[in-house]
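In case you want the letters, here they are:
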Amino acid sequence: MSRKRVTVTSETPTGRNTNFHDNYTNVDMTRQQFVNEINKGNYNNYHVSKINGVDTPVSNPDKSTNNNLG
């Protein structure tokens, strides 16, 4: 099994993911930076959902657990 592309490195007390790490490129990103990269098409297995009015990165639904955030 391959490693997850992106992992969450920080979240708020309410559980909102705030910081992310790309395990393939070794790059750390804020939520907004990750949202921007998804919108540019750089992360095919993720999309942006508006949750409580905030653009939020989420993994695309599929059978794989390898791309889940968390």
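This text goes with the structure placed above it.
Residues numbered from 1 in each chain as written. Predicted model: local features only at pLDDT ≥ 70, side-chain atom pairs only at ≥ 80, totals over all residues. Heavy atoms only, no water.

*Asks:* Please give an account of the nonpolar core that cites residues and values.
*Replies:* Within soluble globular proteins, side chains that are nonpolar tend to cluster in buried spots. Among the nonpolar cores identified, the biggest contains eight residues, and these are V6, V8, F20, M29, F34, I38, Y43 and Y46. Residue assignment for this core shows that the elements contributing at least two residues are β1 (6-11) and α1 (31-39). Those residues within four positions of M29 in sequence are excluded, and the remaining contacts are T18, N19, F20, D22, F34, E37 and Y43. (Core = buried A, V, L, I, M, F, W, Y, C linked by side-chain atoms within 4.5 Å. Buried < 20%, exposed > 50% of the residue type's maximum accessible area, 1.4 Å probe, protein only. Helix = DSSP H or I, 4+ residues; strand = E, 2+ residues; numbered from the N terminus. Contact = heavy atoms within 4.5 Å.)

*Asks:* Requested: an account of unusual backbone geometry, with residues and values cited.
*Replies:* Its identity as a non-glycine residue notwithstanding, N26 has a phi of 65°, on the positive side. For N26, the position within the fold is in the loop between β2 (17-22) and β3 (27-30). The backbone of N52 sits at a positive phi, close to 50°, despite the residue not being glycine.

*Asks:* I'd like to hear about the pattern of salt bridges, residue by residue, with values.
*Replies:* Following the criterion strictly, the structure yields three salt bridges and no others. Across the pair D22 and R5 runs a salt bridge whose closest N-O atoms are separated by 2.9 Å. With D22 in strand β2 and R5 in the segment before β1, this pair connects stretches of sequence that are 17 residues apart. (Salt bridge = Lys/Arg side-chain N within 4 Å of Asp/Glu carboxyl O.)

*Asks:* Go over the sheet that holds β2 with me, naming the residues and quoting the values.
*Replies:* In any sheet, the strands associate via hydrogen bonds between backbone groups, in a parallel or an antiparallel arrangement. Spatially, β1-β2-β3 is the arrangement adopted by the three strands of the open sheet, whose pairing is antiparallel. In this open sheet, the two edge strands, each paired with only one partner strand, are β1 and β3. With direction set aside, neighbouring strand axes in the sheet form an average angle of 25°. Sheet strands touched by α1: β1, β2 and β3. Its angle to β3, the strand with the most contacts, is close to 105°. (Pairing = 2+ DSSP bridges. Axes fitted to C-alpha atoms, helices over the stretch in contact; angles between N-to-C directions.)

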